[in-house]
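So you can see what is in the structure, the chains are spelled out below.
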Amino acid sequence: MTLKIDNVGKQYKVRASKASINALNGVSVDLQVGQTLGIVGESGCGKSTLARLIVGLEKPTNGQITWREKPIGNKDSTTLKIYHSNIQLVFQDPYSSLNPRQKIGQCISEVIKTHKLRAGSEIQKRVEQLLLEVGISPDLQHRYPHQLSGGQRQRVSIARALASEPDLLILDEPVSALDVSVRADVMNLLFDLREKFGLTYIFISHDLSMVRHISDFIAVMYLGKVVEYGSWSDVLDNPKHPYTKALIDAMPDHENVGATKYEKALLGEVPDPANMPSGCAFHLRCPIATPNCKVQTPELILIDTLHSVACSELKS
Amino acid sequence: MSKPLIEVKNLTIETAEDSRTLVNNISFEVFPGEAVGVVGESGSGKTLTALSILGLLPRGVVARSGEINYSDSNLLTASEEYRRSIRGNQISMIYQDPMTALNPVMKLGKQLFEVLEAHDLLDSEAPQRVFNAFKEVGIPEPDRALVSYPHEFSGGMRQRVMIAMAMILSPKLLIADEPTTALDVTIQQQILALVSEQRRKTGMSMLWITHDLGVVANLVDRVIVMYAGRIVEVGTVKEIFTNPQHPYTHGLLASLPKSNVKSRERLMAIPGVPPKPWLVENSCAFSPRCTRATTECFNETPSLKPNAFTKAACFHEIGTSQ
């Protein structure tokens, strides 16, 4: 076991109203070396909060995340540093995640220096090697981020993440901000790097079709909870939770022209996490909800070898 | 064929200061009742094209030549007064981000009354019209919504308000600039359903601008594909998606993730990035990324010409080899 997320919850306090928001609620997922976990869900489902907890940017309110049998969130700074070099995060928007006043070569060498991974004379060579790894000519190392295209910038963010020689990359919507014609190219780069360095990925996205291409396992989240988990084919070809089904139906479909599925549109919107509905959080929008769903909170239950679903109305 | 509702002819848009071409000599038309999708990436000129129809080009950008013909007048040379009388009334627009398009310090009802006021329609029927406009777009409790501010509403609800504002005077043409891009997929689906229903009810024409091919596949009748400031292909939605003839359209469709693949399957990528429109004025803008490019593609600009399926601007169309 590489990464173990065990019953993790995260609450945020709202200062003005003194209310608290349950951003994550009892999330448990495991991930093995070399595998890719896709996390899908809409805004407010907790997918980015989960990413921040795994990287150690924030601490869980309850539950534990362990990485190679060691719990994270440890105060000991050396452990945290080792942890940080092992797990890296790539953000959605390379415009805001790269320092606009720093040349791209510098932004990569900084990481190498912080983690003391190369001797001074070796650093320059390593920077060039990393840039080549992500398909950027080393000639561009003296450029600033604004002198690069969106795709090139995202490649630089990936090179920076690789600079600390991580085992696990958390990719938070890594291609969503890119132009359509360069997305596939960056996705293929992620495929190549995974292969070459034996990387483990957590791929966070709202785009189910991208998730399908890259993931071995998929977790579907709604309002801070995992509502369905399984292999990519379990979740996408044999979805059981009504929310997963609705997400699949809502994906814009370029393969079937004119096949509108608008009548199937989910009603309503994601409820306010500060004011969670009782019972199943999805019951207000669910096409198959019964009065029982208002009362009973469904647990994630295994329905097949690796496929689990949190729905009380599921008759399998 | 009937007379087009709006006809854009040889439109060229440039920066005012240094005459950099942003939109290069494009022509198209939208017929009454027709929905047309304009698909392109950032910098392809799709938004500028839409803004020029309304006479709302940003400062520093000008329509250098061409015509935009709407009911016997050229909107590019028409008086501002005339354009104002058409905007919001006969041609209206919805934007990507309703938080910036709506006035944050004005109650939503008042913002709709302003539309009526601008067209001298503040009569005794106005309150009922505003109420109905809110009801029509599926806003729950319209009475309460009228006295709310934009920040009290979710993104999806704000987009509904913007649609209500655009639809209140029953326009002949609705221009939509990526109105669902900032929304979650299930909310996007609701908005697309709403717009489709409004179009069916009113018979209005639509110009839908997007980078998302999936959205237009189930929404419009015809698709215009733009690349680096030019139209590279036009066709019915069915032909564009099943028999694309321009290598860019073909490559773009091939690069999209498919719903029947196995996990870990690579995508068909187009190498490179889109060029700046002003740097590729005398060649096919797609040639540096194109596998079919030959010498002539680098030295000459292909013009749109009909083929068996669509109209494409390419010397080496894909043909039927699919």
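Residues numbered from 1 in each chain as written. Chains lettered and ligands numbered in written order. Predicted model: local features only at pLDDT ≥ 70, side-chain atom pairs only at ≥ 80, totals over all residues.

Observations concerning the overall build of chain A
Looking only at helices and strands, one finds 10 helices and 12 strands in chain A. A globule of 316 residues ought to have a C-alpha radius of gyration of about 20 Å, and chain A, at 21 Å, matches this closely. Burial analysis of chain A (316 residues in total) assigns 46% to the buried set. When contacts within chain A are restricted to residue pairs at least 6 apart in sequence, long-range pairs at least 24 apart make up 62% of them. (Helix = DSSP H or I, 4+ residues; strand = E, 2+ residues; numbered from the N terminus. Rg over C-alpha atoms; globule rule 2.2 N^0.38 Å. Buried ≥ 20, exposed ≤ 12 C-beta atoms within 10 Å, placed from the backbone. Contact = placed C-beta atoms within 7 Å.)

A closer look at the interface of chain A and chain B
Counting residues at the interface gives 37 residues for chain A, matched by 42 residues for chain B. Listed by contribution, the elements that provide at least two residues to the side of chain A that touches chain B are α7 (180–197), α8 (208–214) and α10 (242–250) of chain A. With eight residues, α7(A) is the largest single contributor of residues to the side of chain A that touches chain B. Tallied by class, residues from the side of chain A that touches chain B come to 17 nonpolar, 12 polar and eight charged. (Nonpolar A, V, L, I, M, F, W, Y, C, P; charged D, E, K, R; others polar.)

Brief notes about the sheet that holds strand β9 (residues 222–227) of chain B
Residues and elements named next belong to chain B. The eight strands are arranged β6-β7-β8-β3-β9-β10-β12-β11 in an open sheet whose pairing can be described as mixed. The open sheet has two edge strands, β6 (91–94) and β11 (305–306), and neither has a second partner. As paired strands, β11 and strand β12 (residues 311–312) are joined by two bridges and run antiparallel to one another. Opposite K305, over in β12, you have A312 as the bridge partner. Sheet strands in contact with helix α7 (residues 155–167) are β6 and β7 (173–177), and its direction is about 175° off that of β6. (Pairing = 2+ DSSP bridges. Axes fitted to C-alpha atoms, helices over the stretch in contact; angles between N-to-C directions.)

Structural notes on helix α5 (residues 126–136) of chain B
Residue and element names in this part refer to chain B. Three or more residues of α5 are buried, namely V130, A133 and F134. Seen end-on, α5 carries its buried residues on one side only, within an arc spanning 95°. Among the residues trailing α5, G138 stands out with phi positive, at a value near 75°. (Arc of directions from axis to C-beta.)

A short note on α7(A)
Taking 1.5 Å per residue, 18 residues should reach 26 Å; α7(A) reaches 27 Å between its end C-alpha atoms and fits that length. Restricting attention to buried positions, one finds in α7(A) the residues V180(A), S181(A), V182(A), R183(A), A184(A), D185(A), V186(A), M187(A) and L190(A). Check the buried side of α7(A) and you find it contacts α6 (150–162), β7 (168–172) and α8 of chain A together with α11 (247–255) of chain B. Just downstream of α7(A), G198(A) is the residue with a positive phi angle, here 60°. (Expected span 1.5 Å × (residues − 1).)

Side note on the nonpolar core
Residues and elements named next belong to chain B. Judged by nonpolar contacts, the single largest core of 92 residues is most densely connected at A164 and V216. In terms of residues, this core owes the most to one element, α7, which gives eight residues. When residues of this core are assigned to domains, at least three fall in each of domain 1 (6–220) and domain 2 (241–312). With near-sequence residues (within four places) excluded, A164 lies in contact with L112, A133, F134, E136 and V137. (Core = buried A, V, L, I, M, F, W, Y, C linked by C-beta atoms within 7 Å. Domains from an automatic or database assignment.)

Overview of the sheet that holds strand β4 (residues 61–70) of chain B
Residues and elements named next belong to chain B. If you walk across this open sheet you meet the four strands as β2-β1-β4-β5, and the pairing is antiparallel. Single-partner strands in this sheet number two, and they are β2 (21–30) and β5 (73–74). The pairing of strand β1 (residues 6–15) with β2 spans six bridges and is antiparallel. If you follow E7 over to β2, its bridge partner there is E29. Sheet contacts for helix α1 (residues 46–54): β1, β2 and β4; angle to β1, the most-contacted strand, approximately 115°.

Points about the environment of G66(B)
Residue and element names in this part refer to chain B. Inspection of the secondary structure puts G66 in strand β4. A residue is classified by how many C-beta atoms lie within 10 Å of it, and G66, with 18 of them, is partly exposed. Between the alpha carbons of G66 and Q90 there is a distance of 21 Å; along the sequence they are 24 residues apart. With residues up to four places along the chain from it excluded, the contact list for G66 reads K9, N10, L11, T12 and L76.

Section: the domain arrangement of chain B
Size of an interface, as often reported, equals the accessible area lost when the parts are brought together. Residue and element names in this part refer to chain B. By domain assignment, chain B separates into domain 1 (6–220) and domain 2 (241–312). Look at where the C-alpha atoms of domain 1 and domain 2 centre, and you get two points 29 Å apart. Taken together, the contacts link 10 residues of domain 1 with eight residues of domain 2. For the side of domain 1 that touches domain 2, the secondary-structure elements that each account for two or more residues are β2 and α9 (213–217).

With respect to the packing of α6(A) against α7(A)
Residues and elements named next belong to chain A. In contact at an axis separation of 10 Å, α6 and α7 are set at 15° when each is read in the N-to-C sense. As the angle between them shows, α6 and α7 are arranged roughly parallel. Like other packed secondary-structure pairs, α6 and α7 cross with a definite hand, here right-handed. Residue-level contacts link G151, Q154 and R155 of α6 to V182, D185, V186 and L189 of α7. (Parallel < 35°, antiparallel > 145°, perpendicular 65-115°, else oblique. Left-handed = near helix turned anticlockwise from the far one by under 90°.)

So, the confidence of the model for chain B
For chain B, per-residue confidence averages 93 on the pLDDT scale, and 99% of positions sit at 70 or higher. Per the prediction output, this complex has pTM 0.91; the corresponding ipTM is 0.88. (pLDDT = per-residue confidence, 0-100.)

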